[in-house]
Amino acid sequence: MTRIILASSSPRRKEFMNYLGLQYECIKPDVDETVKEGELPENLVLRLSKDKAFAVSADNTDAVVIAADTVVAIDNQILGKPNNREDAFNMLKKLQGRTHEVFTGTSIVYQERVKCFCVKCSVTFDCISDDELKTYIASGECDDKAGAYALQGIASIFIKEVSGSVTTVIGLPINEVRKALRELGVCIKIVSGAK
């Protein structure tokens, strides 16, 4: 049986992996996620997902390693994870009442084979009052989330429209991952009610 590693500690990515019915383990990679000057969102998430996949694969050459990275971008500005609550507020102020893009880059490394892809999705926020933003931020949900929000959580009440794959926004474009794993010969067993 092929060993599979998810190079992430994200509970959302784990949940999506569970839907594929795969036995896998998680190893959080240690990589520098600093944005390079002038780096475009698509290039950033592809570079970081590759760095994460190769970092874990280096010590686990027998395994299929899956890594992903997600960023939010608006007006060509990349919004990663907020540094603090004030940063989260400023990010959400930029997003409210507007459409932004979410990019998730995914890299899958198995022996000598590497599959990399980036999936983009558009998300439109409704207008949100400062009080609503402060209440949302106080919930803590925005911590450690690209763009300071979680589409699948409380922030869903602010979302007006999503164009593209919802799983991309949540952090792992699972349809594309499923297809890539099948191309690598990994047996997928879709599981209902996966935990």
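It should be noted that the structure appears before, not after, this text.
Residues numbered from 1 in each chain as written. Predicted model: local features only at pLDDT ≥ 70, side-chain atom pairs only at ≥ 80, totals over all residues. Heavy atoms only, no water.

Participant: Please clarify how the overall build of the protein should be interpreted in this entry.
Facilitator: The secondary structure content of the protein amounts to six helices and seven strands. Going residue by residue from the N terminus, the α and β elements of the protein occur as β-α-β-α-β-β-α-β-β-α-β-α-α. Projected onto its principal axes, the C-alpha coordinates of the protein cover approximately 50 × 40 × 25 Å. Across the 195 residues that make up the protein, the buried fraction comes to 48%. Surface summary for the protein: the accessible area is close to 9900 Å², and the carbon and sulfur share equals 45%. (Helix = DSSP H or I, 4+ residues; strand = E, 2+ residues; numbered from the N terminus. Buried < 20%, exposed > 50% of the residue type's maximum accessible area, 1.4 Å probe, protein only. Areas by Shrake-Rupley, 256 points an atom, 1.4 Å probe, with all protein chains shown as cover.)

Participant: Help me understand the state of the cysteines, please; the structure alone is not making it clear to me.
Facilitator: By definition, a disulfide links the sulfur atoms of two cysteine residues through a covalent bond. According to the stated counting rule, one finds zero disulfides in the structure shown. No disulfide involves cysteine 118; its nearest neighbouring cysteine sulfur is the one of cysteine 116, lying 11 Å away. Overall, the relative accessible area of 22% leaves cysteine 118 in the partly exposed class. No disulfide involves cysteine 142; its sulfur sits 20 Å from that of cysteine 127, the nearest cysteine. A relative accessible area of 0% places cysteine 142 in the buried class. (Disulfide = S-S within 2.5 Å.)

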